[in-house]
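Fold and contact review
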Amino acid sequence: MFTRSPNRLRWRHGHHVLEVQPWGPDSVRVRAGVHRVVDGLPGALEEGAPQLSDCVTDVHDTHATLTNGLLRITVDAADGLLTAVRTDTGAELLREQPPHFWWPGARHFESAGGGRYRIEQRFAAYDGERIHGLGQHGHGRFDQKGTVLELQQRNGEVTVPFAVSSRGYGFLWNSPAVGRVEFAANGTRWVADRAQQLDYWLTAGRTPADVLAHYAAATGHAPAFPRWASGLWQSKLRYRDQDELLAVAREYARRGLPLSVIVVDYLHWRNLGDWDFDRRDWPDPRAMVEELRSLGVELAVSVWPSVSPLSTGYAELRDAGQLVATYNGVTVHGDWPDTDDAAEGIGVAFYDATDPAARAALWDRLQEHYYKLGIRAFWLDACEPEMRPGHPHNLSYAAGPGSEVANLYPREHARGVWEHLTEQGESEVLSLVRSAWAGSQRYGVALWSGDIPATFDALADSVRAGLNVAMSGIPWWTTDIGGFHGGDPDDEDYRELMVRWFQFAVFCPLLRLHGHREPRVFHGPIGTGGGPNEIWSYGPDAERAMTGALGLRERLRPYLHAQLDAGRVSGLPLLRPLLLEFPDDEAGWTVDDQFLCGSDLLVAPVVRPGARERRVYLPAGADWTHADGAGTGTAGEYGERSWTRYRGGRWITVAVPLDTVAVFVRDDADPFGAH
């Protein structure tokens, strides 16, 4: 039944093979297959097993164990069922559990043909367990227990199959296959619709921060956060030409408002797949970049993975086999409208980001048409990729069948941009992305929340979504301030939402204005333009409040970079649920509408319309100083305020006028040098 080596334990019964390996401190990788377990399949653990010297395997008549630091795995000899426990406490962390005493087992392989299987992995459920992470989802919950989540990328629904449990473990489903996970009361079930073998990674930690540190070590640490990226990003759907964009940047300079990045959105090309400016609207992009640089502003451009047959890139990519193929039907399989130059319904293909040669071919065009002009910031929009209709089971990638590898696409897309920019000598690389997968963080991605509604409910849901992204090992995250779909700049109620959303975003890694504002313009089903979306677009009261919040952001930038730099080593995100800093405070696991910005700032954003008071929980184990009036003042000043100190472990209520955000400083820290 068992064979072992210094760093591997194998169990076999008939054709069923199970292997357990140490994989980083307090961690193991578990793989199982029919006939064999193979190396080198697509996943997030690509660097190879770390070398460890203190792993111990023991084989007995009824079971075998593998012990690696805090984690001990026991495999039953009779049925191969696996149990994980903490070595210091003996507490059970996780246990495989079949749904029936006979069939199917806890690990189930159902043939899908071609050496692939529909795979199920089942575990026991535990009363009171809380589950966090798993990417970004719009259901408005911080605790994922009780949910069913599809493992498939969509606009605003981001699959990162990594979960952190309140029981003291982290779990990575190391498969980019389309599938689902169910956190039910009678068991947990992970499903891959089509894969070659079962593969997951398990880690134990004394704190959730330890778990995230182990995950970063296993899947990759984020790089240095660019200094140019931490100020205000100005964007809208969309600046139609060079003159309009430059006029906005000049107006920011005239008003003395600090601006870091301005964005050229989609449809600045003639056809999807040109990856180039349409010179009719953008006659001199090099001069545009140079003027913006003189104002201290970076230009970011939208890059889509879509390729129209009318584009300059289509034939070359097609003939080189660098487009995503299909098993049935034509390569052009996405129903997406293009510019006015394109016939309605012509459709688009997608370059194959899982093919290194295709990533190089894309970079050749980005380099020629953008990078050589001085552009180094890319907005990798629709990088799920967004296919309408989406049929991943019909797709054929270089890395494998779509059903087996489709979730990998956004990570590999960002990987190509990262690798080629760093090859050019760029040391500060950031790509704004709409989707991600396990390990994306190593390629300098900043995930944003996708095309979400412009409502207070969406703002509240975004706070929880951001906290789960933070628990998914993606440390850079943001939203469209004010939401994406709609929002009238002349509506007083919407102006309030803009202010409250802006105040929340001040404490996110990226501070980014974007949205499709009223009056909106459509070409077919897609928006092609909208109303104004600059700080001064929302009336004097909102402008004053957002300007004060922008001043607070500018004051905080040194602190933010210090925290982000520390996170490169620790694996901790900037946006932190309370449980990351205060795991022993039970309330820290349940409070889901406030967070820590780094280690020293507690933020309680206003997420309800009309609210002028905010109830705030102050975690136990620290003293908290309320920065009364935070957010007031101008962009160049911090404003007057009073300071009130509280003992942690209590609820308090503070005033939050429209120009104020509830912010508390931990102990004797001084993140903005204000007292």
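Now for a quick tour of the structure. (Residues numbered from 1 in each chain as written. Predicted model: local features only at pLDDT ≥ 70, side-chain atom pairs only at ≥ 80, totals over all residues. Heavy atoms only, no water.)

A word on the overall build of the protein chain
To keep it simple, the criterion reads: A helix here means a DSSP run of H or I that spans at least four residues, while a strand means a run of E at least two residues long, and both kinds are numbered starting from the N terminus. When we talk radius of gyration, it's over C-alpha atoms, and the globule rule is simply 2.2 Å times the number of residues to the 0.38. When a residue's accessible area, from a 1.4 Å probe over protein chains only, is under 20% of the maximum for its type it is buried; when over 50% it is exposed; and in between it is partly exposed. Contact between two residues is taken to exist if any of their heavy atoms lie within 4.5 Å; hydrogens are not considered. Each accessible area is a Shrake-Rupley estimate made with a 1.4 Å probe; only the visible protein chains count as cover when residues are assessed. Charged residues are defined narrowly, with Lys and Arg counted positive, Asp and Glu counted negative, and His plus the chain ends left uncounted. Where a charge lies is defined by one atom per residue type, namely NZ (Lys), CZ (Arg), CG (Asp) and CD (Glu).
Scanning the protein chain from N- to C-terminus turns up eleven helices and 41 strands. Here the protein chain has a C-alpha radius of gyration of 25 Å; the compact-globule value for 675 residues is 26 Å, and the two agree. Projected onto its principal axes, the C-alpha coordinates of the protein chain cover approximately 80 × 65 × 40 Å. Taking all 675 residues of the protein chain together, 64% fall into the buried category. Relative to all contacts within the protein chain whose residues are 6 or more apart in sequence, the contacts with residues 24 or more apart total 71%. For the protein chain, the accessible area works out to roughly 23,300 Å², and carbon and sulfur atoms hold 47% of it. Positive and negative side-chain charges in the protein chain, numbering 66 and 89 respectively, have mean positions lying 3 Å apart.

As for the pattern of salt bridges
The criterion, for reference: By definition, a salt bridge exists where a carboxyl oxygen of Asp or Glu is found within 4 Å of a side-chain nitrogen of Lys or Arg.
What the rule picks out here adds up to 57 salt bridges. Salt-bridge contacts for Arg 255 lead to Glu 251; the nearest nitrogen and oxygen are separated by 2.7 Å. One end of the pair, Arg 255, and the other, Glu 251, are both in helix 2 (residues 242-255), four residues apart, so they sit about a helical turn from each other. A salt bridge links Asp 668 to Arg 645; the nearest nitrogen and oxygen atoms lie 3.3 Å apart. One end of the pair, Asp 668, is in the segment after strand 41 (662-666); the other, Arg 645, is in strand 39 (residues 642-647), and 23 residues separate them in sequence. The exposed category is assigned to Asp 668, whose relative accessible area is 68%. A single salt-bridge network, built from bridges that share partners, covers Glu 46, Arg 359, Arg 411, Glu 412, Arg 415, Glu 419 and Arg 442.

Side note on the layout of surface pockets
Where we set the bar: With a 1 Å grid laid over protein atoms only, a set of points is called a cavity when a 1.4 Å probe fits there but cannot get out and a pocket when it is open yet has protein on both sides within 12 Å along at least five of seven lines; lining residues have an atom within 4 Å of a point. Grid points are joined across faces, edges and corners, and a volume is the space filled by probe spheres set on the points.
Within this model, the largest pocket holds a volume of roughly 430 Å³. Surrounding the largest pocket, 18 residues form its lining, His 16, Pro 104, Gly 105, Ala 106 and Arg 107 being those nearest its centre. Sorting elements by how many residues they give to the lining of the largest pocket places strand 10 (residues 107-113) first, with three residues. Put simply, the second largest pocket is a space of about 320 Å³.

Considerations on the pairing of strand 14 (residues 158-165)
Regular strands have side chains that alternate between both faces of the sheet. This is how the line gets drawn: When DSSP finds at least two bridges between two strands, those strands are taken to pair.
Of all eight residues making up strand 14, eight are buried, and the element is well covered by its neighbours. Of the two faces of strand 14, the one holding Val 158, Val 160, Phe 162 and Val 164 and the one holding Thr 159, Pro 161, Ala 163 and Ser 165 are both buried throughout. The pairing of strand 12 (residues 131-136) with strand 14 spans five bridges and is antiparallel. From the neighbouring strand, Gly 133 faces strand 14, where its bridge partner is Ala 163. Across three bridges, strand 14 lies against strand 15 (residues 169-173) in antiparallel orientation. Bridging from a neighbouring strand, Val 164 pairs with Gly 170 of strand 15. Where strand 14 hands over to strand 15, the hairpin turn is made up of three residues, of which Gly 168 adopts a positive phi near 100°.

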